[in-house]
Amino acid sequence: MKPFHTLLVGGALLLSAAPTTPARAQQAPSPYRTRFAVDAPVTAGLGVLSGLGLYLVQQKSGLTETQLAALNKNDVPKFDRFAAGNYSDRAQLAGDILCYGSIAAVPGVLALNPEVRGRYGQVMGLYLQTMLATDAAFTLTVGSVTRYRPFVYGTEGPENKRRSKIATNSFFAGHTAHTATATFFAAKVFHDFHPDSPARPYVWGAAALVPAAVGYSRIAAGKHFLSDNLLGYALGATVGVVVPQLHKASGGSGLSFTPIQGLNANGYSYGGLLITKQL
């Protein structure tokens, strides 16, 4: 996922150089609440963790001839064994295009929406923070866990790739995780800016299908097992939804307290509070 770090740096530079567009008087309030004093350190901290994870990845070692010779696909759990030995450059290229294309396309797609465009700086700041959260989890995990990629169990992959330290980075699927984060973030933002839109189910459906296609391509390419993709998909989708949800603006706790009082059948008075949930 090295190209992804280039995308993050480029995105950060664009955001820092972009002028702030003043909100129009009739513009609806943003569904999100961000504070520079809080979000800037959080984003920077996630960037540091991502960099630390990348450093750990670079410190890993490749496989020796002895280790390669000892590999047996029957040692792979049955759940994942069908992918052992897969290798396809075409599937890898397709997955790369879908993954990096989705990450790069989200800012442009969101910019086409007038409501989002009026809060573009805020939304892009959230996007950067969200993507860095996934990237930090991914790099720290891959840098700490050694799991051989499916293609090392076969002979179709080039020998230099089978012996490379990259061949130890199967757990978990970074392409799938980052794509799910990007698409689910876009769907969540659309959902929050357009609470009454009939298009929301279709937007969520598209958000779910793209990372699933990436996951399929990574299995076909021999880069990841099914379990790697399931975890990557779940983590990426969760982060893509949870980070903007944590920034949702709220006028209060969502509860209202109404004093009540009355007279019972025996002539005694009573009082209290009626607590209702605001929906």
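Up top is the structure these notes are about.
What this report covers is the structure whose coordinates are included nearby. Quick caveat, the model's predicted, so the values are computed rather than measured. (Residues numbered from 1 in each chain as written. Predicted model: local features only at pLDDT ≥ 70, side-chain atom pairs only at ≥ 80, totals over all residues. Heavy atoms only, no water.)

One pass over the structure, following the stated rule, counts eight salt bridges. One salt bridge in this structure joins E159 and R162, with 3.4 Å as the shortest N-O distance. Remark: R162 and E159 occur in helix α7 (residues 159–163); sequence separation between them is three residues, near one turn of the helix. You can call E159 partly exposed: its relative accessible area is 38%. Accessibility expressed as a relative area gives 10% for R162, which makes it buried. Salt bridges linked by common partners bring D80, R147 and D228 together as one network. (Salt bridge = Lys/Arg side-chain N within 4 Å of Asp/Glu carboxyl O. Helix = DSSP H or I, 4+ residues; strand = E, 2+ residues; numbered from the N terminus. Buried < 20%, exposed > 50% of the residue type's maximum accessible area, 1.4 Å probe, protein only.)

Moving on: the side chain of H247. Tracing the chain through its elements places H247 in the loop between α10 (226–246) and β1 (255–263). Apart from the residues within four sequence positions on either side, H247 is in contact with P31, Y32, R33, T34, D39, L126 and Q129. (Contact = heavy atoms within 4.5 Å.)

In this section: the nonpolar core. Counting residues in hydrophobic clusters, the biggest one holds 17 residues, and the most contacted among them are L110, V123, Y127, F185 and V189. The contacts of V189, once residues within four sequence positions are left out, are Y32, L110, V116 and V123. Among the nonpolar cores identified, the runner-up in size contains twelve residues, and V76, A84, Y87 and F151 belong to it. (Core = buried A, V, L, I, M, F, W, Y, C linked by side-chain atoms within 4.5 Å.)

It is worth spelling out the packing of aromatic side chains at this point. Enumeration according to the criterion identifies eight aromatic pairs in this entry. Residues Y153 and F225 carry aromatic rings whose centres are separated by 6.3 Å and whose planes lie at 65° to one another, so their mutual orientation is edge-to-face. In this pair, Y153 is assigned in the loop between α6 (120–144) and α7 and F225 in the loop between α9 (200–220) and α10, connecting sequence segments 72 residues apart. The burial state of Y153 is the same as that of F225; both residues are buried. (Phe/Tyr/Trp six-rings, centres within 6.5 Å; stacked < 30°, edge-to-face > 60°.)

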